[in-house]
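Each chain, written out:
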Amino acid sequence: MSHTASMQTLLQTLQARLADGLDFRLITLGRNGYSLSVGMLLGALLILLISKLASWLVQRGLAGYGARYTHANPAALYTLGRLSHYAILVLGVVLALGAAGIPVSKLTLIAGGIGIGLGFGLQAIFNNFISGLILLFDRSLKVGDFVELASGVHGTVRDIKIRATRITTNDDIDILVPNSEFVSGRLINWTLQEVTRRLRVPFGVAYGSSKELVKKAALEAAAAVPFTQSLQGAHAPQVWLVGFGGSTLNFELVVWLDADATRRPSSALAAYNWALETALVGHGLELSWPQRDLRMRSWFGLEGEQARAAIAELLGVVPAASPAPVAPAPAPGAAYAGNDAIRDVPRYADASPSNTPPPAR
């Protein structure tokens, strides 16, 4: 009995000390004013921890739902996750303030402090936060969209956070852009509604080339690139003669890209350039470059070899011998064959070097 009584006494002593410790007042404002005890502070911190854990569980649940059901919209799930995260955190803060003895109805002092903070330097953070909410509700910019910034950089939207949006370029470089720039600035969203886009590939050939043969070669080049959306119908490739340059006929190969190539515009352009060079050279068409030819019609009544010999005699130089014919370069081996730009698009990463034309879609 004595042992049991001593244990009870010990427990009562511990409970009393624990109660005294929890009731210990850390802050006291005035005689009958606000006071914050250790217990109130621990309760507020516990509520914040629980709200953070609840938000994490909601995020994991939505991510698991998106992984199980492929028909789910990832952008919608992300928006729902971010909004629920903010709502849970706000609710947790309100409950934590109540546990700390600060009623929500008496937060005028805190609201005034926030107003002063906004006036002295928090307006940028507040602006970015509101802009992020606008993006989530407006859905003009969603996670997974492929966008082009004002600087010309392309990338995929990965996250829309409180302060900034993370964009990952095709070179796996993460760029953090303040949310307010998307609301007030200009942004090109390549996948806002339609995921296919038209690409114009400029190229030039020498004057005197057959337009019909150029068109044939360019259409063969378009057929050799697998992410040409269609070879027939409204989205079939086209060849336009767009101008007359100083030394070239300027053409454009106009093609429609499929959804995967739309997200790799630089790779798509490089792939078509590669295929165009192969097709044009294969048809014997000359790829022109800026050049100027000086032709002297006569030299004191002499032309051709006689004129060159007369000029050489006048200058006291020996005419150079005709250059020996240059042997053609050997054909490239299999290790150098193939269009690498095609394989930069993830869907066609394992494309064979033959670049066979895709079937019409």
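All figures in this text were calculated on a predicted structure; none of them were measured in a lab.

Basis of the calculations
- Residues numbered from 1 in each chain as written.
- Predicted model: local features only at pLDDT ≥ 70, side-chain atom pairs only at ≥ 80, totals over all residues.
- Heavy atoms only, no water.
- Axes fitted to C-alpha atoms, helices over the stretch in contact; angles between N-to-C directions.
- Helix = DSSP H or I, 4+ residues; strand = E, 2+ residues; numbered from the N terminus.
- Parallel < 35°, antiparallel > 145°, perpendicular 65-115°, else oblique.
- Left-handed = near helix turned anticlockwise from the far one by under 90°.
- Contact = heavy atoms within 4.5 Å.
- Nonpolar A, V, L, I, M, F, W, Y, C, P; charged D, E, K, R; others polar.
- Buried < 20%, exposed > 50% of the residue type's maximum accessible area, 1.4 Å probe, protein only.
- Pairing = 2+ DSSP bridges.
- Core = buried A, V, L, I, M, F, W, Y, C linked by side-chain atoms within 4.5 Å.
- Expected span 1.5 Å × (residues − 1).

## A word on the packing of helix H6 (residues 211-224) against helix H8 (residues 265-282)
Part 1 of the argument: Relative orientation of the contacting elements H6 and H8 amounts to 135 degrees, with a least axis distance of 8 Å. By the angle between their directions, the pair H6 and H8 is classed as oblique. Relative to H8, the crossing made by H6 is right-handed. Here H6 contributes Ala-217, Ala-218, Ala-221 and Ala-222 to the contact with H8, which in turn contributes Tyr-272, Ala-275, Leu-276, Ala-279 and Leu-280.
Part 2 of the argument: Residue composition of the contact of H6 with H8, by class: nine nonpolar, no polar and no charged.

## Notes on the packing of helix H2 (residues 38-68) against helix H3 (residues 74-99)
Think of two packed helices as two axes; the pair is described by the angle between the axes and how far apart they sit.
Part 1 of the argument: One can describe the packing of H2 onto H3 by two numbers: an axis separation of 8 Å at closest approach and a directional angle of 170 degrees. Considered as vectors, H2 and H3 are oriented roughly antiparallel to each other. For the crossing formed where H2 meets H3, the hand is right-handed.

## Examining the pairing of strand S10 (residues 248-257)
Part 1 of the argument: The element S10 is extensively covered by neighbouring structure, given that eight of its ten residues are classed as buried.
Part 2 of the argument: Relative to S10, strand S8 (residues 197-206) runs antiparallel, the two sharing ten bridges. Directly across from Pro-202, in S10, lies its bridge partner Glu-252.
Part 3 of the argument: Counted between consecutive antiparallel strands, the loop separating strand S9 (residues 238-244) from S10 contains three residues.

## Quick look at the nonpolar core
Part 1 of the argument: Counting 29 residues, the largest nonpolar core has Phe-203, Phe-227, Leu-253, Leu-257 and Tyr-272 as the members making the most contacts within it.
Part 2 of the argument: Elements represented by at least two residues in this core include exactly S8, H6, S10 and H8.
Part 3 of the argument: Sort the elements by how many residues they give to this core and H8 lands first, with seven residues.
Part 4 of the argument: Those residues in contact with Leu-253, other than ones at most four positions away along the chain, are Leu-199, Arg-200, Val-201, Phe-203, Ala-218, Ala-222, Pro-237, Gln-238, Val-239, Tyr-272 and Leu-276.
Part 5 of the argument: Counting twelve residues, the second-largest nonpolar core is a separate cluster that includes Tyr-78, Tyr-86, Leu-149 and Ile-167.

## Structural notes on H2
Part 1 of the argument: The first and last C-alpha atoms of H2 sit 45 Å apart over 31 residues, in line with the 45 Å expected at 1.5 Å per residue.
Part 2 of the argument: For H2, every residue scored as buried is listed here: Ala-44, Ser-51, Ser-55 and Leu-62.
Part 3 of the argument: Against H3 lie the buried residues of H2.

## Re the pairing of strand S4 (residues 154-160)
Part 1 of the argument: Within S4, six of the seven residues are buried, which leaves it mostly tucked inside the rest of the structure.
Part 2 of the argument: With three bridges joining them, strand S3 (residues 146-148) and S4 adopt antiparallel strand pairing. Residue pairing across strands places Val-147 opposite Gly-155, the latter belonging to S4.
Part 3 of the argument: Remark: five residues form the turn of the hairpin made by S3 and S4, two consecutive strands paired antiparallel; Gly-152 in that turn has positive phi of roughly 95 degrees.
Part 4 of the argument: As defined by bridge partners, S4 adjoins strand S5 (residues 164-168) across four bridges and the pair is classed as antiparallel. By the bridge assignment, Ile-160 is partnered in S5 with Thr-165.
Part 5 of the argument: Taken together, S4 and the strand that follows it, S5, pair antiparallel across an intervening segment of three residues.

These values are about where atoms sit, not about what they do.
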